[in-house]
Every structure is written in C-alpha cells, then in structure tokens.
Amino acid sequence: LPSCVAVRETFATSSTFDGSRPTIFSGWDSPALEKWANKGNFQSYFGEHEQYIKGRDVQPLKDAAGKHCKTSTETLIDSMSKLFSAKNDAANRGEKMKNKDTTKEIDLLFFTNDKENPHFFESLSKDYSPPAPIEKLDVFNNKGFRVFSAMEQGSSHPFHFHDAAWLGQVSGSRLWYFLPPDTPKVKPKVNGCEYLYGRVPLPSGTTACVQEAGEVMYFPSKWLHSTCALEPWSVGIGGQGGSPNVYDQGFEQLLSKHDASEAAQKDKMEECGVFKSEKQTPVKEDNITEKDWKWFDGNLNEYYNKLERDEHEKRDPNVITSYAVHRWMGPEKKTLTHYQLVREAIYEHVIRRFPPSAETVAGDGVALRVFDAGCGLGAGLMWFEQHEPSWELVGHTISEDQYNWIVNDLPEHRFTAYLRTYDEPLGDGGIVTFNAIYSIEAAIHSPNLKISLTAWSKALSPGGVIVIVDDFLSVGTSRDDPDVDLFTRAWLANAVHTTTEISHWADELDMTLVRDRDLGSEFQIVKRNYRNKVPELKDEKGRVHQAWLGSKARQRLTVHGKISYRLIVLRKNSESNIDLQ
C-alpha cells in the first residue's frame, strides 16, 4: 500500500489538532465499541428500525412501482451477509452477481444519516458522542449532520469528496484511499477494493491508511476519498460538516419500526433486484427410497458404527490423515487444516498470542484444558497432543466403534476419550472446567443445539471459547426447502441454524460471537471440492449408507449457496484466569 497521509494522534495528546489535515485518533472510548461490535447484538438492539435498501451508489433501489425500497435493519444486515456469501461463491465459479435489470454488479451499502432517519440516530446516540477535539472544530460545532456506515468485507464507497468529516470505527477495519483537494474527479468510479486486489491501477498521487476498530478518522473539506471494508461487519459512526440540505434528495423520513412480515421483506429484496426468486425444485423421491439406501432411523450411534465398520480396513492408526474424516480443504486437499484453524482461534481469543505454524510443536505452550465435543476417531485429539503437548485433552463420542478404535487401535496417548454424549462435557458432576471447547462437523448432529451450547458454556472457564466448524444455514433459506429437508434426514443434521440464531443464543448465555469465518469462500470449496457441479443423488461407488446420500445433499446445498461452511468462535464474557507467563 502507498504511505498514509494521515497523522496519528491520541485523544490524550491532541492539543495541537487544528483540523487542517487528515488525522487518525486512537484511544476512542465509546460504549458502541462493545455494544455494536457483534452483528447479532446490533440487530437485537436496533433491528426494528426502518432503512432504505441502498446500492453501491448509496441511492435507494426501486421496486416495481418505482418507489424507494425499504426494509428493517435486521433484514438489511442479514441480506448483506447473504449477498456477501453469494458473491464469494460466484467469484469461486469465476462469475459476478449482477442486478436482474442492469449490467451492474450487485452491492448493498448500509449508509444513512440523521436527516432521513432521525429515529434510528436517536437510538444510536445513547451509545456514543463526537470526540471532543473534533466536536470543537467550527465545522462541527452544532452544525452538519450525523452518518452511520456498515459494510460487508469487499464493499466500498468509490472516490468522492464533500465537507470535512469524521468516522469512528466500531467494528472491523477499513482501508481509506486519499487524494488531495483540487485533484480532478476520479473516473470511472470503481469499488475501492479493486485497487487493493490489484485489478484496477491506483490514481497517481493516492495515499492509503488503514483504520482499526477503536480509531477515529478525520479529514478536512474536499479531500477525495474511497473506502474498502477489510473485514465482515465493518461498522462506523460519525459526522459530516456542511448543511444536509445540500444532499436533500426528497427522501421520506424513515419510521422507527418497519412492520412488514419476514416473508414480505424477503419478497421486497427480490422485487428490488437484490436476490433472484428462489423457486424450489422438488427432490425426486424415487432416488431416495428405502430400498436404495440404508437408513438408521435417527440412531447416531449405529450411523457412525456402520461407517466405521465399512471403512475400518482403510485406516492406519499411525497416520492421522487416514482417520481425520472431515471435508478436505485447500489446493493440497488437507483434512488436518481444521485443527490448525481451531488452534489459531484458541491462540487469538484465549492465549492472545500469534499461533505457531501448522508444522510447529509448541515447546513452551500455555497449559490449557481443551474438550473435543464429538471427537469421532480421535484424530483431532491426537493432532493437538502432538502439536500442543502442554494441553490436557478430553473428548466424547457416542459411537461404540469409534470409541473402540481410540482405545484399542490408536498408538499410546495421553488424552482421555469417553463413550458419552457431548452434552455432558464435565461427565458425572465434574467441576474442573475447560479453557476451550471445539466441535468439528459434530455440532450439527445435536438434537437441540441450544441445549448443547448451554452445557458447553457452563463447562467453560472465564474467558474461554467455543469453536465450531460446521455447515450453517444461509440467511433467507427455509428449513422447509426440500433439499434442506433431505440433508437433515440423510446427514442426521438435526441442528441446521444460521450464525445469527447462534449469536442470539450466545447473548442469552452471557457469551459473544467474536468470529464468523466463511471457510467455504476462503478455501473455494464449491470450486475445488465440488467443481461447481450439482450432484445426482446416487453414489458412484455403490455405497448405500445414508451418509453418502447426505453428502450429496450437502454438496447440492453448498453449490446453491443454501448452506455455508464456517468457523465460529463464541467467547465467555468474563476475564480469562489462565496463567500466560
């Protein structure tokens, strides 16, 4: 990136600030930083407020009657997330998502001001106030108007200019490009992230600055600027000088509550060109009759026992990859990648250090207690034992054959495995809790995931985390979808939920969703694993276990964007008590 033109200040040492040049302040202390940083929390606080549905030009989209499109804050945020995932899936296929009526690529920007949306800003104002050094500038002293900006990763405001402005970054990070005043307008207008990706050359003289959460960006009047959201849920609150009448576009003031039903809002998104109509294609039931597949009537123990007996001879207890039976990821088709991803999450949110590489054994690691919820054949436990020898590891499986493999076939090991449900992480009244609990492709089998999360949260030490790697329902996809129904039955996927639902549950359990990582897009699963193909509902190798039918349904849903493969981290809202020395 080019060098940053902004000077860096702290609010404690800002006595020389005069507003004459771009400045980044650190040390912003605002309740919004904690209250809004989690997407689910923000939706629960402000989700009912009405918003315009705005495209990449920050103008409201229009419906079939030519009226400005509106929706609730909660639906707008969910639609941004859904569109972000769909765009990534399309990019993996080498395609671009286009508006149904134009050739423009679709984008949604949540950008509003207190002139068009006074009720929304009245609610927001309880959680922040303009920083004193900026508020004292004449351009903002009881003048101007307030702005709110939320973007998904890869969204942008193209180059433009206006009066002096400030923006406090509440969540995520934001890349700013600047050109000095009197620079000719940049044409054509492009997504600012295209400069970062190297797809479009930067205009001559451009400088670049990265703004992190907890920092405030200020720039004077007429500086050309463009932004790029570097992370999902990139949120900012701020103000702009000058009269809002300059930007009066005849918008109606929005209501404090948008009353349309969830179904009506979904239809409005389709009518306004954001999403295509989802007409369901019924699954041909003659492909999934009882005579074609071996079903286990919901008995997860027998389901996994039979899989283990069928595949037992292929496994080598001395080679972890032979019994790490997760979905492979990346160009090298590794199934062990999951363990390094979990390790990274634990280091980031519990140990608060940079993690070692996947090949590195932690020589002087922090002593943690870690629980594998649904440990399967013990591959994760064995990998962590080899890479984190200071960790005390415990795992539960409900499959007798998997448990027998761990006890009788695996090489000598220190970790402990139990034949019991993962809803009982502490066993029979245990009191020694865990610093981290992880579940890889197992949480989805829970008969009631909220009950499982409750049990896991009770078993966590202060500041501990739950890390889940699994398939999650995409926002807007109905559980009544025929393909979803087939997946839930064949994969025994009892717990197909959106991450938004889980975020709400986490709040009730005094936890916070601190990470929501789209592995499907990051590792290009649709392209690499599935070659962009929707499969037929049959197994090419003649296998009849219902799990192979479930894997086909899983592929269908993933390619169609109805489920996504994600890693989420839930952190207990209390200070960690582990010794990091």
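Here the structure is a predicted model, which is why all the values come from computation and not from measurement.

1. Points about the pattern of salt bridges
Step number 1: Applying the stated rule across the entire model yields 37 salt bridges.
Step number 2: Across the salt bridge formed by Lys 314 and Glu 311, the nearest N and O atoms sit 3.0 Å from each other.
Step number 3: With a relative accessible area of 14%, Glu 311 lands in the buried category.
Step number 4: For Asp 539, the salt bridge goes to Arg 543, with nearest N and O atoms at 3.0 Å.
Step number 5: The class of Arg 543 is partly exposed, set by a relative accessible area of 25%.

2. Focus on the confidence of the model for the chain
Step number 1: Chain-level pLDDT for the chain is 89 on average; 92% of the residues reach the 70-or-more range.
Step number 2: Taken together, the stretch residues 99-104 has pLDDT below 50 and engages in 10 contacts with residues farther than four places along the chain or on a different chain.
Step number 3: In the model, residues 279-287 has pLDDT below 50 throughout and makes 16 contacts with residues more than four positions away in sequence or in other chains.

3. A look at helix 12 (residues 449-458)
Step number 1: Residues of helix 12 that are buried: Leu 449, Ser 452, Leu 453, Ala 455, Trp 456 and Ser 457.
Step number 2: Here the buried face of helix 12 lies against strand 14 (369-373), strand 17 (434-440), strand 18 (460-473), helix 14 (499-508), strand 19 (511-518) and strand 20 (563-572).
Step number 3: Here helix 12 starts with a cap whose side-chain oxygen sits 3.2 Å from the backbone nitrogen of Lys 450, and that cap is Asn 448.

4. What about the packing of aromatic side chains?
Step number 1: In the structure shown here, the tally under the stated rule is 35 aromatic pairs.
Step number 2: Seen in terms of ring centroids, Phe 17 and Tyr 218 are 5.2 Å apart; in terms of plane orientation they differ by 90°. Their pairing is edge-to-face. With Phe 17 in the loop between strand 1 (7-10) and strand 2 (23-26) and Tyr 218 in strand 11 (residues 216-219), this pair connects stretches of sequence that are 201 residues apart. Of the two residues, Phe 17 and Tyr 218, neither departs from the other in class, the shared state being buried.
Step number 3: Taken together, Trp 36, Phe 42, Tyr 45, Phe 46, Phe 110, Phe 120, Phe 121, Tyr 128, Phe 148 and Trp 233 form an aromatic cluster joined through their ring pairs.

5. Considering the state of the cysteines
Step number 1: Under the criterion given, the structure shown has 3 disulfides.
Step number 2: Two residues, Cys 69 and Cys 272, share a disulfide whose sulfurs are 1.9 Å apart. Measuring handedness by torsion sign, the sulfur bridge of Cys 69 and Cys 272 sits at about -105° and is left-handed. With Cys 69 in the loop between strand 3 (50-52) and strand 4 (70-72) and Cys 272 in the loop between helix 7 (262-271) and helix 8 (300-311), this pair connects stretches of sequence that are 203 residues apart. Here the two residues Cys 69 and Cys 272 agree in accessibility, since each one is buried.
Step number 3: Going through the chain in sequence order and numbering each bonded cysteine, the pairs you get are 1-4, 2-6, 3-5.

6. Focus on the sheet that holds strand 11
Step number 1: The 7 strands are arranged 1-2-11-8-13-6-5 in an open sheet whose pairing can be described as mixed. On the outer flanks of this sheet lie strand 1 and strand 5 (110-113), each paired with one strand and no other. Each neighbouring strand pair of the sheet contributes to a mean axis angle of 20°, computed without reference to strand direction.
Step number 2: Sheet topology places strand 5 next to strand 6 (residues 145-151); 4 bridges connect them, and they run antiparallel. The residue of strand 6 that forms the bridge with Phe 110 is Ala 150.

7. Some words on a nonpolar patch on the surface
Step number 1: Judged by side-chain polarity, Leu 1, Leu 196 and Tyr 197 come together as a nonpolar surface patch covering roughly 320 Å² of accessible area.
Step number 2: Secondary-structure assignment places Tyr 197 in the loop between helix 6 (193-196) and strand 10 (207-211).

Rules used in this analysis
- Residues numbered from 1 in each chain as written.
- Predicted model: local features only at pLDDT ≥ 70, side-chain atom pairs only at ≥ 80, totals over all residues.
- Heavy atoms only, no water.
- Salt bridge = Lys/Arg side-chain N within 4 Å of Asp/Glu carboxyl O.
- Buried < 20%, exposed > 50% of the residue type's maximum accessible area, 1.4 Å probe, protein only.
- pLDDT = per-residue confidence, 0-100.
- Contact = heavy atoms within 4.5 Å.
- Helix = DSSP H or I, 4+ residues; strand = E, 2+ residues; numbered from the N terminus.
- Polar contact = N/O pair within 3.5 Å; in protein donor to acceptor, adjacent residues only side chain to side chain.
- Phe/Tyr/Trp six-rings, centres within 6.5 Å; stacked < 30°, edge-to-face > 60°.
- Disulfide = S-S within 2.5 Å.
- Pairing = 2+ DSSP bridges.
- Axes fitted to C-alpha atoms, helices over the stretch in contact; angles between N-to-C directions.
- Patch = residues over 30% accessible without salt bridge, like charges linked within 9 Å, V, L, I, M, F, W, Y side chains within 5 Å.
- Areas by Shrake-Rupley, 256 points an atom, 1.4 Å probe, with all protein chains shown as cover.

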